[in-house]
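Secondary and tertiary structure notes
As a plain string of letters, each chain reads:
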Amino acid sequence: MDYALLRKKMVDEQIVARGIRDQRVLEVMRQTPRHLFVDPGLAHQAYGDSALPIGDGQTISQPYIVAYMLASMELTGGEKVLEIGMGSGYLTVLLSRLVERVYAVERLRSLAIPARQLLDRLDCSNVLVKIFDGSYGWPEAAPFDAIVVSAVAAAEPPAALLDQLAVGGRLVIPLAVDQGEYLYRFTRLEQGGFESERLLACSFVKLVRRHGGR
Ligand code: SAH
């Protein structure tokens, strides 16, 4: 299988064709071997236009959504980023190649351990991983220039994540609002408060809170 060719087609036909223009994002997606992040039996589908199962009822997100989330974070290279719900680690590796430092949180050990091993194999030495409920964020490492969440929360983002944004920092998170699910971006404003933007309809697995509740 010519995976480099499949990756190029994925980027051209699913991502560029739908309007993503961030050249750094397109380049890392052309370079990163997404087929390593799924079960070998699904490797031939890894560059298709859909999410795929990664075990424990979780999924690796659709390539276009991953690209859209990354582009929405408006990364330029020097950032410190928090990722909640690392799952397969695919977005983590892309982030690791796009920014200075990545803090990744995953609640399921069964996913976090193989993801960590893959990060090591791909030489992602700028990533720290924690197995915990990511709705608490990572207060010891805050503030973050960007935070990205790959699981859908309630109608409001967890307060801890907003608290841990730097001024000008962006939180990209799916929320369940108006009977639908939408990707939102919250930006911490210099004068205080947040700008909130609804970006795109989407579908994610649930953000599971440690003690239940919202
Ligand atoms: N970006 C990942 C998405 C995986 S699916 C990928 O493409 O592979 C979302 C992940 O969020 C799942 O692995 C799930 O276990 C995790 N998750 C759900 N609730 C969480 C929480 N409260 N804290 C940390 N991780 C959580």
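Residues numbered from 1 in each chain as written. Predicted model: local features only at pLDDT ≥ 70, side-chain atom pairs only at ≥ 80, totals over all residues. Heavy atoms only, no water.

1. Here's the deal with the overall build of the chain
Per the secondary structure count, the chain includes six helices and nine strands. Relative to a compact globule of 214 residues, whose C-alpha radius of gyration would be 17 Å, the chain shows 16 Å and is just as compact. Oriented by its inertia axes, the alpha-carbon framework of the chain measures out at about 50 × 35 × 35 Å. Each charge sign in the chain was given a centre, from 24 positive and 25 negative side chains, and these centres are 2 Å apart. (Helix = DSSP H or I, 4+ residues; strand = E, 2+ residues; numbered from the N terminus. Rg over C-alpha atoms; globule rule 2.2 N^0.38 Å. Lys, Arg positive; Asp, Glu negative; His and termini not counted. Charge placed at Lys NZ, Arg CZ, Asp CG, Glu CD.)

2. Re the pairing of strand 5 (residues 127-131)
Two elements, strand 4 (residues 101-106) and strand 5, share five bridges in a ladder whose sense is parallel. Residue pairing in the sheet places Ala104 in a bridge with Val129 of strand 5. After leaving strand 4, the chain enters helix 5 (residues 109-121) and then returns to the sheet as strand 5, a path that is right-handed. (Pairing = 2+ DSSP bridges. Right-handed = clockwise from strand over helix to strand, strands pointing away.)

3. Structural notes on the sheet that holds strand 4
What the seven strands build is an open sheet, ordered 5-4-3-6-7-8-9; its pairing is mixed. On the outer flanks of this sheet lie strand 5 and strand 9 (194-201), each paired with one strand and no other. The mean inter-strand angle of the sheet, taken between neighbouring strand axes irrespective of direction, is 15 degrees. Pairing of strand 3 (residues 80-84) with strand 4 involves five bridges; the strand directions are parallel. The partner of Ile84 across the bridge, within strand 4, is Val105. Across the sheet, helix 5 lies against strand 4 and strand 5, angled at about 165 degrees from strand 5, the strand it touches most. (Axes fitted to C-alpha atoms, helices over the stretch in contact; angles between N-to-C directions. Contact = heavy atoms within 4.5 Å.)

4. Section: the pattern of salt bridges
Using the criterion set out here, one finds 10 salt bridges in the structure. As a salt-bridge pair, Asp12 and Lys8 come within 2.9 Å of each other at their nearest N and O atoms. Remark: Lys8 and Asp12 occur in helix 1 (residues 3-16); sequence separation between them is four residues, near one turn of the helix. With relative accessibility at 31%, the residue Asp12 sits in the partly exposed group. Arg18 is paired through a salt bridge with Asp49; the nearest N and O atoms lie 2.6 Å apart. Taken together, the residues Arg18 in the loop between helix 1 and helix 2 (23-31) and Asp49 in the loop between helix 2 and strand 1 (52-55) connect sequence positions 31 residues apart. For Arg18, a relative accessible area of 37% puts it in the partly exposed group. The class for Asp49 is partly exposed, based on a relative accessible area of 36%. (Salt bridge = Lys/Arg side-chain N within 4 Å of Asp/Glu carboxyl O. Buried < 20%, exposed > 50% of the residue type's maximum accessible area, 1.4 Å probe, protein only.)

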